[in-house]
Amino acid sequence: GAVVSQHPSWVICKSGTSVKIECRSLDFQATTMFWYRQFPKQSLMLMATSNEGSKATYEQGVEKDKFLINHASLTLSTLTVTSAHPEDSSFYICSARDIGGEGEQYFGPGTRLTVT
Amino acid sequence: SQQGEEDPQALSIQEGENATMNCSYKTSINNLQWYRQNSGRGLVHLILIRSNEREKHSGRLRVTLDTSKKSSSLLITASRAADTASYFCAPRETSGSRLTFGEGTQLTVNP
């Protein structure tokens, strides 16, 4: 149980284009999902908290107009990287928190984004 | 939210040996969680210990929590090469819901 999927697992896009990443909780409901990014050999950096049916809460320094988050249902959150630049190239990981849990987060396998 | 700080940053042991990683944090917590990340993958939830618990076991994992010292340890017994990964602790604050992560401990188990 507690499986989270992410799609796509990797994507290459050109500068200036937008990329959408999907995060789904497959066997549980998640009112809250989280988006992280991770640079090589570094820790995960929390970007935003996504709440079902309401606006996302962004961490300090994260541009909300650049990283659009939508949490339209209890099992799906999307992150759209708009007008991507090479510096947006990173490993993006989502996680979901089970409604009935004690705060455990279940992570997706990550999406490797490369902007050329 | 606060992040835990793991120690050591890197640990290299031989298969069959035990591995101990430590975590320190700063504020009051509801629980503390340990996660593992294999290279290029998402994190895997390993174990959760509540603030009123002192020790918890799960298979080859043993976690301790000392709230007076604001510290936790993760012991992996009889390590295997497949245990090679980064390990993170995540204290869950009484007032918060987000989990943030420190630099982790990079464990290498040599066959």
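Quick summary incoming for the structure in this document.

**Comments concerning the nonpolar core**
Residue and element names in this part refer to chain A. Counting 24 residues, the largest nonpolar core has Trp 35, Phe 67, Leu 79, Tyr 92 and Leu 113 as the members making the most contacts within it. Contributions of two or more residues to this core are made by β2 (10–13), β3 (19–25), β4 (32–38), β5 (44–51), β7 (67–73), β8 (76–81), β9 (90–97) and β11 (111–115). For Leu 79, the contacting residues outside a window of four places in its chain are Val 19, Lys 20, Ile 21, Trp 35, Phe 67, Leu 68, Ile 69 and Tyr 92.

**Here's the deal with the sheet that holds strand β9 (residues 85–93) of chain B**
Residues and elements named next belong to chain B. Here 5 strands make up an open sheet; going across it, the order is β2-β10-β9-β4-β5 and the pairing mixed. Across the chains shown, the open sheet's two edge strands, defined by having one partner strand only, are β2 (10–14) and β5 (43–50). With strand direction ignored, the average angle separating the axes of adjacent strands in the sheet is 25°. Alignment of strand β4 (residues 29–37) against β9, held across 8 bridges, turns out to be antiparallel. By the bridge assignment, Trp 34 is partnered in β9 with Cys 89.

**Description of the state of the cysteines**
By definition, a disulfide is the covalent link that joins the sulfur atoms of two cysteine residues. All names here are of chain A. Using the criterion set out here, one finds 2 disulfides over all chains in the structure. Residue pairing for Cys 23: its cysteine sulfur links by disulfide to Cys 94, the two sulfurs lying 2.0 Å apart. Taking the sign of the torsion about the S-S bond as the criterion, the disulfide between Cys 23 and Cys 94, at about 80°, is right-handed. Of this pair, Cys 23 sits in strand β3 while Cys 94 sits in strand β9, and the two are 71 residues apart along the sequence.

**Some remarks on the sheet that holds β8(A)**
All names here are of chain A. In spatial order, the strands read β1-β3-β8-β7; together these 4 strands make up an open sheet with antiparallel pairing. The sheet terminates laterally at β1 (4–7) and β7, the two strands that pair on one side only. Between one strand axis and the next, the sheet turns through 15° on average, direction left out of account. Sheet topology note: the β7/β8 ladder contains 5 bridges and is antiparallel. Bridged to Asn 70 within β8 is Thr 78.

**Overview of the environment of Leu61(B)**
Residue and element names in this part refer to chain B. With respect to the helices, strands and loops of the structure, Leu 61 is situated in strand β7 (residues 61–66). For the pair Leu 61 and Thr 77, spaced 16 residues apart in sequence, the C-alpha separation works out to 6.6 Å. Apart from the residues lying within four places of it in its own chain, the contact partners of Leu 61 are Leu 46, Lys 56, Leu 74, Leu 75 and Ile 76.

**Brief notes about the pattern of salt bridges**
Tallied over the full model, the rule gives 8 salt bridges over all chains. The residue Arg50(B) makes a salt bridge to Glu102(A) at a minimum N-O spacing of 2.7 Å. With one member in each of two chains, Arg50(B) in strand β5 and Glu102(A) in the loop between β9 and β10 (105–107) form a pair that bridges those chains. Connected through shared salt-bridge partners, Glu102(A), Arg50(B) and Glu53(B) make up one network.

**Some thoughts on the packing of aromatic side chains**
Within a pair of aromatic rings, the relevant descriptors are the distance that separates the centres and the angle that separates the planes. Considering all chains together, one arrives at 8 aromatic pairs over all chains under this definition. Between Tyr36(A) and Phe101(B), the ring centres sit 5.7 Å apart and the planes meet at 65°, which makes this aromatic pair edge-to-face. With Tyr36(A) in strand β4 and Phe101(B) in the loop between β9 and β10 (105–110), this pair bridges two chains. The exposure classification of Tyr36(A) matches that of Phe101(B), with both residues buried. Measuring from ring centre to ring centre gives 6.4 Å for Phe67(A) and Tyr92(A), while their planes differ by 40°; the resulting arrangement is tilted. With a gap of 25 residues between them, Phe67(A) in strand β7 and Tyr92(A) in strand β9 connect regions that are remote in the sequence.

**Topic: the interface of chain A and chain B**
Counting residues at the interface gives 19 residues for chain A and 20 residues for chain B. Buried surface at the junction of chain A and chain B, summed over both partners, amounts to about 1600 Å²; 49% is from carbon and sulfur atoms. The largest per-residue losses of area from chain A upon contact with chain B belong to Ser43(A), Glu102(A) and Phe107(A), which jointly make up 32% of the total buried on that side. If you look at where chain A meets chain B, you find 2 salt bridges. Here chain A and chain B share 10 residue pairs in polar contact (both at pLDDT 80 or more) between them. Class assignment for the residues of the side of chain A that touches chain B results in 9 nonpolar, 6 polar and 4 charged.

What counts and what doesn't
Residues numbered from 1 in each chain as written. Chains lettered and ligands numbered in written order. Predicted model: local features only at pLDDT ≥ 70, side-chain atom pairs only at ≥ 80, totals over all residues. Heavy atoms only, no water. Core = buried A, V, L, I, M, F, W, Y, C linked by side-chain atoms within 4.5 Å. Buried < 20%, exposed > 50% of the residue type's maximum accessible area, 1.4 Å probe, protein only. Helix = DSSP H or I, 4+ residues; strand = E, 2+ residues; numbered from the N terminus. Contact = heavy atoms within 4.5 Å. Pairing = 2+ DSSP bridges. Axes fitted to C-alpha atoms, helices over the stretch in contact; angles between N-to-C directions. Disulfide = S-S within 2.5 Å. Salt bridge = Lys/Arg side-chain N within 4 Å of Asp/Glu carboxyl O. Phe/Tyr/Trp six-rings, centres within 6.5 Å; stacked < 30°, edge-to-face > 60°. Buried area = accessible area lost by both parts, 1.4 Å probe. Polar contact = N/O pair within 3.5 Å; in protein donor to acceptor, adjacent residues only side chain to side chain. Nonpolar A, V, L, I, M, F, W, Y, C, P; charged D, E, K, R; others polar.

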